[in-house]
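Observations on the model geometry
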Amino acid sequence: MKVNQEMLDRAPKLRIVSNISAGYDNLDIKELTSRGIMATNTPDVLTDTTADAIFGLLLATARRIPELDAYVKAGQWTAKLPDERFGVDVHHKTLGIIGMGRIGKAIAERAHFGFKNVLYHNRTRNSDTEKELEATYVSLDDLLQQSDFVCLMAPLTDETIGLMGKREFDLMKETAVFINGARGSMVVEADLIHALQNKTIRAAGLDVYQNEPLPLDSPLLQLENVVTMPHYGSATQETRYKMAELAVDNLIKGIHRQAPPSLIDKAVLAHI
Ligand SMILES: NC(=O)C1=CN([C@@H]2O[C@H](COP(=O)(O)OP(=O)(O)OC[C@H]3O[C@@H](n4cnc5c(N)ncnc54)[C@H](O)[C@@H]3O)[C@@H](O)[C@H]2O)C=CC1
Ligand SMILES: O=C(O)C(=O)CO
């Protein structure tokens, strides 16, 4: 839900907005802070769960697992699997991660022994991750040109909206797979669809979309080289419970005008 000026005008007594998600692109943080309203999110508790899901999406897309599951269940497996159904190797390839934050790093940990190289692009370099996981910092263009798998895991901001468009998909290898575990609006969806339809990239694994739930007339639903998930990254029973607990802790602290554990903009404390 968008929390913007119009909504805030209708809530003059509001003290805190407790978001149950790590991403907070739905919140106007500047406006909230200027009104002395705290804003919180639920990072960390969902990091490994989301990394598992996005890594699973990567494997499923490369090895076409959902398509082959449907093939077996439809009774089409009546002879040797035809070559056209084969997937592509993941091991000993190059993974490029855009946004080496908490979840990006957890994905890099999972890739460390399986991939040949992990490249990353981030707002700032992370020398600990470079040492620990032998990840290499590169420019965005180098990452797009060199990676066999490109995984988007940065936040949606004014800077990252539409980050992946025609120019970026054109830079990717024709054999590369694109994975989006971050936010749909970081991708110009029409350009992604064009790249997939024209096979200028091999495939995409998507957990997030420009419009959610994904509209039934989306061309993405017609493409064999797309694996979809329903914004599912953090969706396990255990993790959703931890997110709810953290959101409640944040809320109770905020109501009592105390600093919540995951306060997004600490500058707000000067206004309360
Ligand atoms: N698919 C899902 O279910 C989920 C999606 N998410 C999305 O993943 C995002 C990342 O989550 P975390 O890793 O917890 O956040 P984080 O804040 O730990 O990491 C984000 C990283 O992206 C980097 N970054 C920011 N702007 C960038 C830019 N222009 N180019 C490259 N890197 C940039 C930051 O420096 C930071 O290292 C969230 O903002 C949310 O949108 C988060 C959880 C679940
Ligand atoms: O936490 C987030 O940002 C999500 O996308 C859902 O868990």
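Basis of the calculations
Residues numbered from 1 in each chain as written. Chains lettered and ligands numbered in written order. Predicted model: local features only at pLDDT ≥ 70, side-chain atom pairs only at ≥ 80, totals over all residues. Heavy atoms only, no water. Domains from an automatic or database assignment. Contact = heavy atoms within 4.5 Å. Buried area = accessible area lost by both parts, 1.4 Å probe. Salt bridge = Lys/Arg side-chain N within 4 Å of Asp/Glu carboxyl O. Polar contact = N/O pair within 3.5 Å; in protein donor to acceptor, adjacent residues only side chain to side chain. Nonpolar A, V, L, I, M, F, W, Y, C, P; charged D, E, K, R; others polar. Phe/Tyr/Trp six-rings, centres within 6.5 Å; stacked < 30°, edge-to-face > 60°. Helix = DSSP H or I, 4+ residues; strand = E, 2+ residues; numbered from the N terminus. Buried < 20%, exposed > 50% of the residue type's maximum accessible area, 1.4 Å probe, protein only.

Considerations on the domain arrangement of the protein chain
Domain annotation of the protein chain identifies domain 1 (5-45 + 235-271) and domain 2 (47-228). The centre of domain 1, based on its C-alpha atoms, is set 30 Å off from the matching centre of domain 2. The interface of domain 1 with domain 2 comprises seven residues on the first partner and five residues on the second. Interface area for domain 1 against domain 2, summed over the two sides, is near 570 Å², with a carbon-plus-sulfur share of 44%. Here domain 1 is connected to domain 2 by two salt bridges. Residues Arg 102 and Asp 44 are paired through a salt bridge, measuring 2.8 Å at the closest nitrogen-oxygen approach. At the junction of domain 1 and domain 2, the tally comes to four residue pairs in polar contact (both at pLDDT 80 or more). Among the residues making up the side of domain 1 that touches domain 2, the classes are represented as two nonpolar, three polar and two charged.

Quick word on the packing of aromatic side chains
Between two aromatic rings, the relevant description is the distance of the centres plus the angle of the planes. The full count for this structure, using the stated rule, is four aromatic pairs. With a centroid separation of 5.4 Å and an interplanar angle of 75°, the aromatic rings of Tyr 120 and Tyr 137 are classed as edge-to-face. With Tyr 120 in strand 4 (residues 117-121) and Tyr 137 in strand 5 (residues 135-137), this residue pair connects regions lying 17 residues apart in the sequence. Classification of Tyr 120 as buried rests on a relative accessible area of 0%. With a relative accessible area of 27%, Tyr 137 lands in the partly exposed category.

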